Amino acid sequence: TPTPGPITGLACDNQYYNAVVGIPGQYFLSVEGADLATATKETCDFTVSVNKNVIATLTKETTLTANAERGGSTFRCTTDKLTLEKNVPTKVDVAIKNDQSKSVTCTRTFLLP
């Protein structure tokens, strides 16, 4: 994995999922990103779609962790567990907004095992 560069503003760096251990068909969705050191809070709006139909919407708030090496802060938003279908393309859109009214969006499609 390449080393992330300096933080120059609000950014979505990575989206991923984790299966709930012992419960088939349930997953946590996460987004990780970075922001300037002056930001203190991020709001992440998740929209989950299958075949262009929205099946879930969730909002999570998180605080930032200082990352002096990159010259800013990092964050992670994770949903509560969701029941999602296996082997069906699942699109996850995330709209991220900080407490300074800056925003960014990111999208990823998962084929869940």
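Criteria and cut-off values
- Residues numbered from 1 in each chain as written.
- Predicted model: local features only at pLDDT ≥ 70, side-chain atom pairs only at ≥ 80, totals over all residues.
- Heavy atoms only, no water.
- Pairing = 2+ DSSP bridges.
- Helix = DSSP H or I, 4+ residues; strand = E, 2+ residues; numbered from the N terminus.
- Axes fitted to C-alpha atoms, helices over the stretch in contact; angles between N-to-C directions.
- Buried < 20%, exposed > 50% of the residue type's maximum accessible area, 1.4 Å probe, protein only.
- Contact = heavy atoms within 4.5 Å.
- Polar contact = N/O pair within 3.5 Å; in protein donor to acceptor, adjacent residues only side chain to side chain.
- Salt bridge = Lys/Arg side-chain N within 4 Å of Asp/Glu carboxyl O.
- Core = buried A, V, L, I, M, F, W, Y, C linked by side-chain atoms within 4.5 Å.

On the basis of which strands lie adjacent, the open sheet formed by 4 strands has the order S4-S3-S8-S9 and antiparallel pairing. The sheet is open, and its two edges are formed by strand S4 (53–63) and strand S9 (103–111), each paired on a single side. Here the strands of the sheet are splayed against their neighbours by 20 degrees on average, with no regard to which way each runs. Sheet topology places strand S3 (residues 41–50) next to S4; 10 bridges connect them, and they run antiparallel. Counterpart to Cys44 in the pairing with S4 is Lys60.

The next point concerns the environment of Arg108. By the element assignment, Arg108 lies in strand S9. Residue classification places Arg108 among the partly exposed residues on the basis of a relative accessible area of 39%. Placed 93 residues apart in sequence, Arg108 and Gln15 show a C-alpha to C-alpha distance of 6.9 Å. Those residues in contact with Arg108, other than ones at most four positions away along the chain, are Asn14, Gln15, Thr90, Lys91 and Val92. A polar atom in the side chain of Arg108 sits 2.7 Å from the backbone oxygen of Gln15.

The subject of this paragraph is the side chain of Asn67. Here Asn67 is to be found in strand S5 (residues 65–67). For Asn67, a relative accessible area of 15% gives the class buried. Dropping the residues within four chain positions of it, Asn67 is found in contact with Gly72, Ser73 and Thr74.

Now for the pattern of salt bridges. Any two side chains of opposite charge can pair, given that their charged atoms come close. Scanning the model with the defined rule gives 4 salt bridges in all. The closest approach of N and O atoms between Asp13 and Arg70, which form a salt bridge, is 3.7 Å. Of the two residues, Asp13 is situated in strand S1 (residues 11–19) and Arg70 in the loop between S5 and strand S6 (72–78); the sequence distance between them amounts to 57 residues. Given a relative accessible area of 15%, Arg70 falls into the buried group. Across the pair Lys41 and Glu61 runs a salt bridge, and its minimum N-O distance is 3.8 Å. Here Lys41 is found in strand S3, whereas its partner Glu61 is found in strand S4, with 20 residues between them in sequence. By relative accessible area, Lys41 is classed as partly exposed at 34%. A relative accessible area of 51% places Glu61 in the exposed class.

Counting 21 residues, the largest nonpolar core has Val31, Cys44, Phe46, Val94 and Ile96 as its most contacted members. If you list the elements that add at least two residues to this core, you get strand S2 (26–35), S3, S4, S6, strand S8 (89–98) and S9. Contacts of Val31, omitting those with residues within four sequence positions, involve Cys12, Asn14, Gln15, Cys44, Phe46, Phe75, Arg76, Cys77, Val94, Ile96 and Cys106.

One polar contact links the side chain of Arg70 to the main-chain carbonyl oxygen of Gly5, over a distance of 2.7 Å. Among all residues touching Arg70, those that are not within four sequence positions of it are Pro4, Gly5, Pro6, Ile7, Asp13 and Ala34.

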